[in-house]
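Descriptive structure summary
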Amino acid sequence: MDCSLVRTLVHRYCAGEENCVDSRTIYVGHREPPPGAEAYIPQRHPDNRIVSSKYTFWNFIPKNLFEQFRRIANFYFLIIFLVQLIIDTPTSPVTSGLPLFFVITVTAIKQGYEDWLRHKADNAMNQCPVHFIQHGKLVRKQSRKLRVGDIVMVKEDETFPCDLIFLSSSRGDGTCHVTTASLDGESSHKTHYAVQDTKGFHTEEDIDGLHATIECEQPQPDLYKFVGRINVYSDRNDPVVRPLGSENLLLRGATLKNTEKIFGVAIYTGMETKMALNYQSKSQKRSAVEKSMNVFLIVYLCILVSKALINTILKYVWQSEPFRDEPWYNHKTESERQRNLITLARPEGNAKCQIFVVLVMGRGNHAGLSQFLRAFTDFLAFMVLFNYIIPVSMYVTVEMQKFLGSYFITWDEDMFDEDTGEGPLVNTSDLNEELGQVEYVFTDKTGTLTENNMEFKECCIEGHVYVPHAVCNGQVLPNASGIDMIDSSPGAGAREREELFFRALCLCHTIQVKDDDDVDGPRKSPDSGKSCVYISSSPDEVALVEGIQRLGFTYLRLKENYMEILNRENGVERFELLEILSFDSVRRRMSVIVRSATGEIYLFCKGADSSIFPRVIEGKVDQIRSRVERNAVEGLRTLCVAYKRLIPEEYEGVCTLLQAAKVALQDREKKLAEAYEQIEKDLILLGATAVEDRLQEKAADTIEALQKAGIKVWVLTGDKMETAAATCYACKLFRRNTQLLELTTKKIEEQSLHDVLFELSKTVLRHSGSLTRDNFSGLSADMQDHGLIIDGAALSLIMKPREDGSCGNYRELFLEICRNCSAVLCCRMAPLQKAQIVKLIKLSKEHPITLAIGDGANDVSMILEAHVGIGVIGKEGRQAARNSDYAIPKFKHLKKMLLVHGHLYYIRISELVQYFFYKNVCFIFPQFLYQFFCGFSQQTLYDTAYLTLYNISFTSLPILLYSLMEQHVSIDTLRRDPSLYRDIAKNALLRWRVFIYWTFLGVFDALVFFFGAYFMFENTTVTSNGQIMTTNTHMIFGNWTFGTLVFTVMVFTVTLKLALDTHYWTWINHFVIWGSLLFYVVFSLLWGGIIWPFLSYQRMYFVFIQMLSSGPAWLVIILLITVSLLPDVLKKVLCRQLWPSATEKVQSTRVHGQSRLPELTLLACRRSSSPWATWPGPHAKQEPLSWPPLSSLPHSHSVPVPHGGTTGGQAISPDL
């Protein structure tokens, strides 16, 4: 028996953290490891086939039908249709089946076409050729045939066919450059590293002889996280174990750049690749309008049931008198009556229904049960008769409105950014109207409010300040003549610390020096210094390295694991890179361990002051802290730099500690964090840096407009309080009269959390008229308001459960304080804390609509948590944009997104929903009234064709076009007057009061239609040929004539009602509205003017023509339409005169000749640069400039840009 096999199996399945369930083992090249080294256990993995489609040829119909009938309205109409098939109903099954069939078919065609496109893209991807190694030779096959364990070769400019572990490349240092634009939108080159022990394998034969196994985590969708290790077997039995991280992983969809070829082993294939796992849709968000729509639908369903129940009861009350159960011309004998109790189907009989009745009743004569079944059948028949009150076509119209309306956002040229060449993106069209209901905006600071374009301003080394191109080492630099000398030269002892500080900044980073493509012209040697192009995921790092370059030290390259820098004497210094302790948002620092040419080992660390100062044991802490605080107040981003020397014994301990953490498959991040915590301590403080991140163009104007619209703006950032507060003042979130309230760790240390919260609560509630959405507009600069500042640690205490197990009291108190503050700044926030804040507000008792906007991966959690998530297409990649509902190029575009697009979409869809319910009440209520005049016989008032086409053809297109193009006020007005946004706040147009008004308006119009036509037909005479004619209009009287007259008045009334509500007329509106009425008339003439051979009845023949041949009938139609529309017109006139809203005031005072900006505008080829100036920075001493409105600026002239900043790069004396 092979004991080694048993031992290996026991170890694998019982060894605690290395449990096989959470990891997988891959055999590189499908080669078994040496005997006794590893048990060979074949594993099953999916092939490399990508399937993004939902359906196949075989399951499309059942699966699509199942998904569509999960929608309650579709399922309801299916039940009605089945009832019409089973029992004898007053209307044909066609009247319900055809609209349902139309809705289902249109939706199925749309979804089928979209899925066909997905199939087409999948086939193109799955059939593309790839090269892999087999028996030492290069073989070509289709991508879909790749398996986990195959060794793949990828050439330059090719995309990786699956997720690969990087084994070797054509580059001598074992690196390759990759772009991930298709994954996260970042076009910059990223550097990946081959496994140390395999990077020397450059040929197919070498790589085919590799004996190795890879242990890694099971597939998960995080693009930036990977945990694994590789065991490389040589002649010895003990394998060499190397850790694998995200730097060794090449993702499917990424492209190889500046590298001739690479070899890699497939570890995740097909639908297990990280790209495929990110296909999975996010949780569905539902808008407030959709929720209101569903509630209204339930109300109308209750009305429908009530109507059917009332008519059923009244029918039997009516028939309780003798001989009222049959018409006088169709009396039945007693035996026929008994047989009719059992026959519940159509006159021709229905075998299934008869069998059902017999089985239920048995052979006996159960009269009570028979009567119940008869009543239940009548109830279902009335349900079918009145079912059109439920507007099934509304859902299709709403979907089409959202889908088509989303293109208006993407086509908006005002939201196109010339600098980046980017326009707005719509990732979901389901929330267009939700943009008009936002009450809270949660925004990131860096890259969202600011440009994320860092500029190195100064550095402070042991209390001495250095400003590039001004003062360095106490000496005036070239091109800086005429500057007052304030800083004094450091002593000889400080010279060493100064150069050590510069070397630390040149070495402590993850920057790559770009290999120039032909794009930038011929490549220059990086030794020349100024030709270096630095690439990094962090703009701060690039700004620091470029700033230090201006102070005399230049980072050249990382070559063969040696970092090269150019010193002031133009000498190249080489440092061996031993370890990188990567940056993360929790530690807020990063470190490198390097070995100098003299053999000294250094640990250089840089990070936030709150992260560095507690770990410092030496250095001029007070002077540097003072400088850091001063820079933070001015809005600069600060970092502290420290170091320590490591003796060889310490370094060996560090290596052992890091190696143990790196090769762990379980809890690797936790173990690495614990290792970093032990290593990064007992540091010596060198100095600090200050970097300026300018405010984005028109960020202050956008925030001011949002506040005027009644929207509360919160800033959630990881920056320190002073820096964030300075930015909030600059962007006008805080005003000069804003009283700042602090809820910070420092405050809580002085007092208990309970006391601080109650003190703040009394402060904000002391002033009468607390700030609410309805009275705070930001219009008055002299109004007293409060601003709250809270940090992450204080938030953790508020969210933490108390000792008695409850945390609700503190949360409610905190929310009460926040509600009464005009603005809130949350600093030192971790990504999950941002989401906690959003969730806390979202679930508060008011349930406000929240919007989160950010540009980085750390903002994704709050973007997903908010009702509406908006990503800024920024310099930190597109993680936020990919996970958001909408994406915009700049923060300034949020103003138009909410105040214009959101406002208009909410107005449009609100009118659409209310109008659909209104016109269906007008449609079906006359049918309800008609039952009182026909003995509750379930006789239909309208012809089958009219029942079928009312919602499909006669009244559908006008409201669809209205919901796409209506502008109740001009776009310019909405942009100039943000307060108009308040008129639609809190779902104002879909409140119960408005809903009831529309419903009663529909009931009133229905009463006018019915009784107006009824009194017209009141006096009748019998002609010589037996026909019944009205004495006042001389029309042939009959059921279908009466119903056609009611239907004609109704179609014209509901269409003209929409025309009265339309404010923005174009030729398309005229064509659709008047064209719909013309289509009805033409259809009615054709339907009643021809004997159609496929119809079993000709009841509508000549009815419409005969009705229109009567002059009094025309007068009655016009009179009834006028009477129906009059109350709504009077109500609008009176309300506009007596209680006008802000929007109605604007409409009244609007100049009739004012032109509107067209909303449906394609991206123009020629673009003009923005005339708006950027924020000059926190150093500028000028007062904020007041700019004229955009519409008043001449297009042929540019606006002068105000400039600000430090004067001439002057050195500043330190605060000692």
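What counts and what doesn't
Residues numbered from 1 in each chain as written. Predicted model: local features only at pLDDT ≥ 70, side-chain atom pairs only at ≥ 80, totals over all residues. Heavy atoms only, no water. Axes fitted to C-alpha atoms, helices over the stretch in contact; angles between N-to-C directions. Helix = DSSP H or I, 4+ residues; strand = E, 2+ residues; numbered from the N terminus. Parallel < 35°, antiparallel > 145°, perpendicular 65-115°, else oblique. Left-handed = near helix turned anticlockwise from the far one by under 90°. Contact = heavy atoms within 4.5 Å. 1 Å grid on protein atoms, 1.4 Å probe; cavity = no way out; pocket = protein on both sides within 12 Å on 5 of 7 lines; lining within 4 Å. Points joined across faces, edges and corners; volume = space filled by probe spheres on them. Nonpolar A, V, L, I, M, F, W, Y, C, P; charged D, E, K, R; others polar. Pairing = 2+ DSSP bridges. Core = buried A, V, L, I, M, F, W, Y, C linked by side-chain atoms within 4.5 Å. Buried < 20%, exposed > 50% of the residue type's maximum accessible area, 1.4 Å probe, protein only. Disulfide = S-S within 2.5 Å. Salt bridge = Lys/Arg side-chain N within 4 Å of Asp/Glu carboxyl O. Arc of directions from axis to C-beta. pLDDT = per-residue confidence, 0-100.

**Things to note about the packing of helix 8 (residues 288-319) against helix 32 (residues 992-1016)**
- For the pair helix 8 and helix 32, the least separation of the axes is 12 Å and the interaxial angle reads 45 degrees. For the element pair helix 8 / helix 32, the angle class is oblique. Along this stretch, helix 8 crosses helix 32, giving a crossing that reads as right-handed. On helix 32, the residues that touch Val295, Phe296, Val299 and Tyr300 of helix 8 are Trp992, Phe995 and Thr999.

**Comments concerning empty space enclosed by the protein**
- Taken as a whole, this structure holds 4 cavities of 30 Å³ or more when the rule is applied.
- If you trace the largest cavity, you find it lined by Phe77, Thr95, Pro99, Tyr388, Ile390, Pro391, Val392, Ser393, Asn920, Leu947, Thr948 and Asn951.
- Elements supplying a minimum of two residues to the lining of the largest cavity: helix 4 (93-126), helix 12 (392-410) and helix 29 (944-954).
- By residue number, the principal contributor to the lining of the largest cavity is helix 29, which donates 3 residues.

**Points about the packing of helix 12 against helix 28 (residues 893-930)**
- Relative orientation of the contacting elements helix 12 and helix 28 amounts to 165 degrees, with a least axis distance of 11 Å. With respect to their mutual orientation, helix 12 and helix 28 come out roughly antiparallel. Once helix 12 is placed against helix 28, the crossing between them reads as right-handed. Here helix 12 contributes Ser393, Met394, Thr397, Val398, Gln401, Lys402, Gly405, Ser406, Phe408 and Ile409 to the contact with helix 28, which in turn contributes Met897, His901, Tyr905, Arg908, Ile909, Leu912, Val913, Phe916 and Phe917.
- By residue class, the composition of the contact of helix 12 with helix 28 is 11 nonpolar, 6 polar and 2 charged.

**Describing the sheet that holds strand 14 (residues 425-426)**
- Here we have 9 strands laid out as an open sheet, ordered 14-36-35-34-15-30-33-32-31, and mixed in their pairing. A strand with exactly one partner marks an edge of an open sheet, and here the two such strands are strand 14 and strand 31 (738-743).
- Pairing between strand 30 (residues 712-716) and strand 33 (residues 823-827): 4 bridges, direction parallel. Considered in strand 33, the bridge of valine 713 is made with alanine 823.
- Where helix 20 (residues 721-730) meets the sheet, its contacts fall on strand 30, strand 31, strand 32 (785-791) and strand 33, and the angle it forms with strand 33 comes to roughly 150 degrees.
- Contacts from helix 25 (residues 831-842) reach strand 15 (440-443), strand 30, strand 33 and strand 34 (850-854), with the element oriented near 155 degrees to strand 30.

**Structural notes on the side chain of serine 429**
- Relative to the assigned elements, serine 429 resides in the loop between strand 14 and strand 15.
- Not counting residues within four places of it along the chain, the set of residues in contact with serine 429 comprises Lys402, Phe403 and Ser406.

**With respect to the sheet that holds strand 9 (residues 228-233)**
- Taken in spatial order, the 4 strands make up an open sheet running 1-8-9-10, and their pairing is antiparallel. Looking at the sheet topology across the chains shown, the edges are occupied by strand 1 (23-27) and strand 10 (240-244). If you compare each strand with its neighbour and ignore which way they point, the axes differ by 20 degrees on average.
- Inspection of the sheet shows strand 8 (residues 211-217) paired to strand 9 by 6 bridges, in the antiparallel sense.

**Regarding the nonpolar core**
- Judged by nonpolar contacts, the single largest core of 91 residues is most densely connected at Met394, Val913, Tyr942, Phe1047 and Met1050.
- Tallying contributions element by element places helix 28 first for this core, with 17 residues.
- When residues no more than four places from it in sequence are discounted, the contact partners of methionine 394 are Met293, Leu912, Val913, Phe916 and Phe917.
- In this structure, Leu449, Ala724, Cys728 and Leu733 belong to the second largest nonpolar core, which totals 48 residues.

**Section: helix 20**
- Judged by how many residues are buried, helix 20 sits mostly within the fold: 7 of 10 residues are covered.
- For helix 20, every residue scored as buried is listed here: Thr723, Ala724, Ala725, Ala726, Thr727, Cys728 and Ala730.
- Two residues or fewer after helix 20 comes lysine 732, characterised by a positive phi angle close to 70 degrees.

**Details of the state of the cysteines**
- Taken as a whole and assessed by the stated rule, the structure comprises 0 disulfides.
- Unpaired in this structure, cysteine 728 has its nearest cysteine sulfur neighbour in cysteine 731, at a distance of 5.2 Å.
- Of the residues examined, cysteine 728 reaches a relative accessible area of 1% and is grouped as buried.

**Focus: the pattern of salt bridges**
- Summed over all chains, the structure comprises 45 salt bridges.
- The shortest N-O distance in the salt bridge between arginine 568 and glutamate 498 comes to 2.7 Å. One end of the pair, arginine 568, is in the loop between strand 23 (562-566) and strand 24 (572-581); the other, glutamate 498, is in helix 13 (residues 492-507), and 70 residues separate them in sequence.
- Overall, glutamate 498 belongs to the buried group, its relative accessible area being 0%.
- Close ionic contact of glutamate 600 with arginine 645 constitutes a salt bridge, the shortest N to O distance being 3.8 Å. Here glutamate 600, found in the loop between strand 25 (589-595) and strand 26 (601-607), pairs with arginine 645, found in strand 28 (residues 637-646); they are 45 residues apart in sequence, far enough to count as distant.
- Linked through salt bridges whose partners overlap, the residues forming this network are Asp412, Asp414, Lys896, Asp972 and Arg975.

**Notes on the pairing of strand 22 (residues 554-559)**
- As paired elements, strand 22 and strand 23 share 5 bridges and run antiparallel to each other. Across the sheet, residue threonine 554 finds its bridge partner in strand 23, namely leucine 566.
- The turn joining strand 22 and strand 23, which pair antiparallel and follow one another in sequence, is formed by 2 residues; a positive phi near 50 degrees is taken by glutamate 560.

**Points about helix 37 (residues 1142-1149)**
- The complete set of buried residues in helix 37 reads Thr1143, Glu1144, Val1146 and Gln1147. Axial view of helix 37: buried residues confined to an arc of 160 degrees, hence all on one face.
- Structurally, helix 37 contributes buried residues whose contacts are with helix 31 (971-976) and helix 36 (1111-1138).

**Details of the pairing of strand 13 (residues 261-268)**
- Among the 8 residues of strand 13, 8 are classified as buried, and the element is accordingly described as predominantly covered.
- Pairing of strand 4 (residues 151-155) with strand 13, which is carried by 5 bridges, proceeds in the antiparallel orientation. Residue pairing in the sheet places isoleucine 151 in a bridge with valine 265 of strand 13.
- Pairing geometry for strand 5 (residues 163-169) and strand 13, over 6 bridges, is antiparallel. Residue pairing in the sheet places phenylalanine 166 in a bridge with glycine 264 of strand 13.

**Some remarks on the confidence of the model for the chain**
- With 77% of its residues at a pLDDT of at least 70, the chain reaches an overall mean of 77.
- Across residues 342-365, where pLDDT falls below 50, the model places 26 contacts with residues more than four positions away in sequence or in other chains.
- Counting interchain partners and residues more than four positions distant, the pLDDT-below-50 stretch residues 768-782 has 37 contacts.

**Describing unusual backbone geometry**
- With a phi close to 55 degrees, aspartate 682 is a non-glycine residue in the positive phi region.
- The phi dihedral of lysine 698 falls on the positive side, at around 60 degrees, and the residue is not glycine.
- Mapping lysine 698 onto the fold places it in the loop between strand 29 (683-695) and helix 19 (699-708).

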